[in-house]
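Residue-level structural notes
Chain residues, written in single-letter form:
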Amino acid sequence: MAPITFSYPNILSPSISLSFTISVHSTSSLTHSPMATTGAATSLLSPPSLHRLTATASSSTTFTESQDLKVNTIHTKPIEGQKTGTSGLRKKVKVFMQENYLANWIQALFNSLPPEDYKNALLVLGGDGRYFNKEAAQLIIKIAAGNGVGKILVGKEGILSTPAVSAIIRKRKANGGFIMSASHNPGGPEYDWGIKFNYSSGQPAPESITDKIYGNTLSISEIKLADIPDVDLSSVGVSKYGNFSVEIVHPVSDYLDLMEEVFDFSLIKSLVSRPDFRLTFDAMHAVTGAYANPIFVDKLGASQDSICNGVPLEDFGHGHPDPNLTYAKDLVNIMYSDNGPDFGAASDGDGDRNMILGRQFFVTPSDSVAIIAANAQESIPYFKSGPKGLARSMPTSGALDRVAEKLSLPFFEVPTGWKFFGNLMDAGTLSICGEESFGTGSDHIREKDGIWAVLAWLSIIAYRNKNKKPGEKLVSVADIVKEHWTTYGRNYFSRYDYEECESEGANEMINYLRDLISKSKQGDKYGDYTLQLADDFKYTDPVDGSVSTKQGVRFVFTDGSRIIFRLSGTGSAGATVRIYIEQFEPDVSKHDLDAQVALKPLIDLALSVSKLKDFTGREKATVIT
């Protein structure tokens, strides 16, 4: 094989760069034999052959490289079960480790893209640090090179949060990027792994592409694999292999630059560095552990002990990296202690979700996005001219609707899935949006963004307290939320998740509900509630005219109360049944009730109407938020 050169800046003397030329020799032979191109399918994740490395260093900035890149054509065959959604492909790790399972999907992706979207183009690659990411990264790099990609940017150690991937795609004008993550699902040898592709705007690939990927997985016969060694993911720098190059980048730099453009860091620092203000950020041993110290400690002046579970681990410390009241129990215990911090937040596996807490006070995701929208113009420089429009997913409470109405802003109700927000953002009609599933974001990127939401809340709290002198009582998270309820009313909201139900029973329940709504009519009585409408939510995208059907069974009552039923496919096994319950309360004297108490009649009605126990055998929810 021709010599390979790694060129790095000298951090001790930036004016001098160092070059290392490495010759690679197989210990089994002095000549390399290409992999077989015919016969049985070849596994691309088998242990690599042992290589002997020799390296020399020089102070010269010149280097030698081969212009020819050897590409091997590997025989393969279709593998069942590679249907791709907007969240990509998610399965158990052991499934992805099967012979050519991942390689088939990656090659099918390149087969689905127009050549101009990847030939000699720039792509991005990163992930949440979960088990199997590093092995997968090496395979993705080699298949990308084999298909003619010009350059790929990779986060150091394979680490990049989902929001950071979107930010880098947009800043570097990349043609797209791979995200290795199963989001908020557990990691480790026995748990989940996932892969998805984001397009040049930084948003998840549209259905037109994901459908093509799936179609190509059904007919794939060969994989194009570049004959290059594994890339060192541990050091920032550029590696060149003929006309293909790999740049290892710091995972935080570009994302932090963007955050400093969006927010007033000096304003936030004036709050965070106050001796009478304490915060706790729980990274849940997930990807935002790589971002927490550089942003909250180094830039904003928080104490080191304000970061909880801040080291990213392949198995998330045996935890479930889902920032809710059940799985983020470390943070909840801290915030609900007698002398808890003033502000608490958590983020999920890949950094795109968030949970916000005050001292002994939980902010629902539906309220969170509404409060950010209501305060954005005065608190966040990025929105100094005001938001362009607001949007929420259909199951999310109507709290945001009321803000849009008061501010006379365009408002959109979309199906669950961030791609629907992305279309509106690209059309220039949407600035701030959110989902009740702990996803909040804006048009600064095309993904939801956990740290962005945390910084937005810190900005609002800092703005409210900017004139407070030491010793004066600070405006708290609870104060801000209750003031918002006084102005807009309170939307009591709760979600019941029944995870890993048997798919057959869960689907039978949804079909039963669809049959029920087909026979329902306005004015029907459901206990003390009168039906306004019952349907299976349908959405026509105002940008591209695409139609999305069967997005959730809704029962909407005359007093504005809602019950919604959906199946979620974001896990890797079984089905998750989600029930959403909402009731609007304009009376300020009734704003301090516990949500479960206020919603109990609706919760009981939802369980009765759906016959959930009969269909699924489940008596208790896995998670209640």
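A brief structural summary. Note that this is a predicted model, so its numbers are computed, not measured.

Considerations on the overall build of the chain
Along its length, the chain carries 18 helices and 30 strands. Long-range contacts, defined here as pairs at least 24 residues apart, represent 73% of the contacts in the chain between residues at least 6 apart. Carbon and sulfur atoms make up 50% of the accessible area of the chain, which amounts to about 25300 Å² in all.

Describing the packing of aromatic side chains
All told, the structure shown has 20 aromatic pairs when counted by the stated rule. Between F361 and W485 the ring centres are 6.2 Å apart and the planes differ by 40°, which places this aromatic pair in the tilted class. A residue pair is termed long-range when its members are at least 10 positions apart, and F361 in strand β17 (residues 361-363) and W485 in helix α14 (residues 477-488) qualify at 124 residues. Assigned by exposure class, F361 and W485 land together as buried. Note on Y382 and F383: the rings are 5.0 Å apart at their centroids and 90° apart in plane angle, and the pair reads as edge-to-face. On the basis of relative accessible area, Y382 is assigned to the partly exposed category, the value being 34%. For F383, a relative accessible area of 2% corresponds to the buried category.

As for the packing of helix α4 (residues 162-171) against helix α6 (residues 253-262)
Between α4 and α6, the shortest axis-to-axis distance is 9 Å and the interhelical angle comes to 85°. The orientation of α4 with respect to α6, classified from their angle, is roughly perpendicular. Side by side, α4 and α6 meet where P163, A164, A167, I168 and K171 of the first sit next to D254, Y255, D257 and L258 of the second.

Focus: the pairing of strand β8 (residues 176-180)
Buried residues dominate β8, accounting for five of its five residues. By the bridge criterion, five bridges tie strand β6 (residues 122-127) to β8 in an arrangement that is parallel. When the sheet's bridge partners are listed, G126 is paired in β8 with I179. Where β8 and strand β9 (residues 192-199) come together, five bridges link them in antiparallel fashion.

Overview of the sheet that holds strand β29 (residues 575-585)
If you walk across this open sheet you meet the seven strands as β23-β24-β27-β28-β29-β22-β30, and the pairing is antiparallel. Among the strands making up the open sheet, the edge pair consists of β23 (525-526) and β30 (623-624). Where β23 lies against strand β24 (residues 529-536), two bridges are found, and the strand directions are antiparallel. The partner of Y526 across the bridge, within β24, is Y529. Sitting on the sheet, helix α17 (residues 600-610) touches β22 (490-501), β23, β24, β27 (553-557), β28 (562-568) and β29, and the angle it makes with β29 is about 140°.

A short note on helix α13 (residues 450-464)
Taking 1.5 Å of rise per residue, 15 residues should cover 21 Å, and α13 covers 22 Å from first to last C-alpha, within 8% of that figure. The buried fraction of α13 amounts to 13 of the 15 residues, a majority that puts the element mostly inside the structure. Its side-chain oxygen 3.4 Å from the backbone nitrogen of I451, D449 forms the N-cap of α13.

A short note on empty space enclosed by the protein
The gaps left among the atoms become clear once a water-sized probe is rolled over them. If you walk through the whole model with that rule in mind, you get four cavities of 30 Å³ or more. Roughly 50 Å³ of volume is contained in the largest cavity. Residue lining of the largest cavity: 11 residues in total, with G85, K196, F197, A205 and T210 positioned closest to the centre. Looking at the lining of the largest cavity, the elements that each hand over two or more residues are β9 and α5 (207-217).

Focus: the pattern of salt bridges
In total, this model carries 37 salt bridges according to the counting rule given. Between E157 and K134 there is a salt bridge, with its nearest N and O atoms 3.3 Å apart. In this pair, E157 sits in strand β7 (residues 151-159) while K134 sits in helix α3 (residues 133-146), placing the two residues 23 residues apart along the sequence. In this structure, K171 engages D254 in a salt bridge whose closest nitrogen and oxygen atoms are separated by 3.2 Å. In this pair, K171 is assigned in helix α4 and D254 in helix α6, connecting sequence segments 83 residues apart. Here K171 falls in the partly exposed class, since its relative accessible area comes to 45%.

Focus on the sheet that holds strand β13 (residues 279-282)
The sheet built from five strands is open, its strands ordered β14-β13-β15-β16-β17 with mixed pairing. Each edge of the sheet is formed by a strand with only one pairing partner; in this case those strands are β14 (307-308) and β17. Looking at chain direction, strand β16 (residues 354-358) and β17 are connected through three bridges and run antiparallel. By the bridge assignment for β17, I356 is matched with V363.

Calculation notes
- Residues numbered from 1 in each chain as written.
- Predicted model: local features only at pLDDT ≥ 70, side-chain atom pairs only at ≥ 80, totals over all residues.
- Heavy atoms only, no water.
- Helix = DSSP H or I, 4+ residues; strand = E, 2+ residues; numbered from the N terminus.
- Contact = heavy atoms within 4.5 Å.
- Areas by Shrake-Rupley, 256 points an atom, 1.4 Å probe, with all protein chains shown as cover.
- Phe/Tyr/Trp six-rings, centres within 6.5 Å; stacked < 30°, edge-to-face > 60°.
- Buried < 20%, exposed > 50% of the residue type's maximum accessible area, 1.4 Å probe, protein only.
- Axes fitted to C-alpha atoms, helices over the stretch in contact; angles between N-to-C directions.
- Parallel < 35°, antiparallel > 145°, perpendicular 65-115°, else oblique.
- Pairing = 2+ DSSP bridges.
- Expected span 1.5 Å × (residues − 1).
- Polar contact = N/O pair within 3.5 Å; in protein donor to acceptor, adjacent residues only side chain to side chain.
- 1 Å grid on protein atoms, 1.4 Å probe; cavity = no way out; pocket = protein on both sides within 12 Å on 5 of 7 lines; lining within 4 Å.
- Points joined across faces, edges and corners; volume = space filled by probe spheres on them.
- Salt bridge = Lys/Arg side-chain N within 4 Å of Asp/Glu carboxyl O.

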